[in-house]
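# Reading the structure
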Amino acid sequence: LRRVLPSTILLYGDWWGTQINLPINKLVIGNPHREAALHQWPSQQRDGGTILVLGDGIDTAFYEEFCAGVAMALPEQQVVFRPHPLEREQACLRHQRQLPNYEIDVSPDIYVSFARAAWVAAEVSTGLFEVAGTRAKPVVIDSKKSRFNFPDDPFPRVEGPEAMAALVRDGHSRFREVKHELWAVGWRD
């Protein structure tokens, strides 16, 4: 196995190295795209109070139901469902805006969506890791799927819309800062 592995793997941050058990050198460098995208945020930021829910391309109805439940539980908050690109067209066609605070996100750039979010929830999405360390708080929707795919993630979990609403009402007290563990800065250096 050692003969077919590279001698070094480049990592976004220290945490990623803890997820890899291989006999190789681990070098933390950061993420150029993320750093550039976040540098543009001040020009893209809008309200900053949105609850963004990320789809996975498979269980669209589950996410639509989750979003509607959160929107009903928190009528003062804007809830936005960002379908996975595989499901975006169908989700947009099906979406009937029955709740004034629930909409579909069609932005091609996820960082534009992150810029207006205070909370980002998903079952299984790399977007949770990408938003970590920003002012938006990543939350895992707890399920068999998320426990299988993200057994050791550093984010709080909610079991459903009511639990998500309770977390939002509670504020940021259940979060520990993971920015520097996940994302090193200064990739050029």
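Here is a short report on the structure shown in this document. (Residues numbered from 1 in each chain as written. Predicted model: local features only at pLDDT ≥ 70, side-chain atom pairs only at ≥ 80, totals over all residues. Heavy atoms only, no water.)

### So, the pairing of strand β6 (residues 117–122)
The test is simple: Residue burial is assigned from relative accessible area. The probe radius is 1.4 Å, only protein chains are included, and a residue is buried under 20% of its type maximum, exposed over 50%, and partly exposed in between. Helix and strand assignments follow DSSP, with helices taken as H or I runs no shorter than four residues and strands as E runs no shorter than two, numbered in order from the N terminus. Here a strand pair is declared whenever DSSP counts at least two bridges between the two strands.
Within β6, six of the six residues are buried, leaving the element largely enclosed by the surrounding structure. When strand β3 (residues 50–54) meets β6, the two strands line up parallel, connected through five bridges. Across the sheet, residue Ile-51 finds its bridge partner in β6, namely Trp-119. Bridging between β6 and strand β7 (residues 137–141) involves four bridges; their strand directions are parallel. Bridging from a neighbouring strand, Ala-122 pairs with Val-140 of β7.

### A closer look at the side chain of Asp-56
Put simply, the test is: In protein, a polar contact means a hydrogen-donor-capable atom and an acceptor-capable atom, both N or O and within 3.5 Å, with residues adjacent in sequence counting only if both atoms are side-chain atoms; elsewhere, any N or O pair within 3.5 Å suffices. Residue contacts are counted whenever heavy atoms from the two residues lie within 4.5 Å of one another.
When you line up the elements, Asp-56 lands in the loop between β3 and α4 (60–73). A distance of 2.8 Å separates a polar atom in the side chain of Asp-56 from the backbone nitrogen of Ile-58. A polar contact is formed between the side chain of Asp-56 and the side chain of Lys-145, at a distance of 2.4 Å. The contacts of Asp-56, once residues within four sequence positions are left out, are Tyr-63, His-84, Glu-87, Glu-123, Val-124 and Lys-145.

### Considering a nonpolar patch on the surface
Quick reminder of the rule: Within this analysis, patches are made of residues with over 30% relative accessible area and no salt bridge. Like charges are joined at 9 Å or less; nonpolar side chains (Val, Leu, Ile, Met, Phe, Trp, Tyr) at 5 Å or less. Accessible surface is estimated by sampling points in the Shrake-Rupley manner with a 1.4 Å probe; for residues, cover comes only from the protein chains shown. Only one rule defines a salt bridge in this text: a Lys or Arg side-chain nitrogen within 4 Å of an Asp or Glu carboxyl oxygen.
Taken together, Leu-1, Val-4 and Leu-22 make up a surface patch of nonpolar side chains, about 330 Å² in accessible area. Looking at the element boundaries, Leu-1 is found in the segment before β1 (8–11).

### Quick word on the pairing of β7
On a regular strand, one side chain projects to one face of the sheet and the next to the other, so that they alternate. To keep things clear, this is the line we draw: Orient the strands so they point away from the viewer, and a crossover whose first-strand-to-second-strand path over the helix runs clockwise is right-handed.
Of all five residues in β7, five are buried, a share of seventy percent or more. When β7 meets strand β8 (residues 157–158), the two strands line up parallel, connected through two bridges. Within the sheet, the bridge partner assigned to Val-140 lies in β8 and is Arg-157. At this point the chain moves from β7, through helix α8 (residues 144–149), to the parallel β8, and the crossover so formed is right-handed.

### Concerning the environment of Asn-31
Within the fold, Asn-31 resides in the loop between β2 (25–28) and α2 (32–39). In the structure, Asn-31 is positioned 21 residues away from Leu-10 in sequence and 9.8 Å away in space, judged by C-alpha atoms. When neighbours within four sequence positions are excluded, Asn-31 is seen to be in contact with Tyr-12, Trp-183, Ala-184 and Trp-187.

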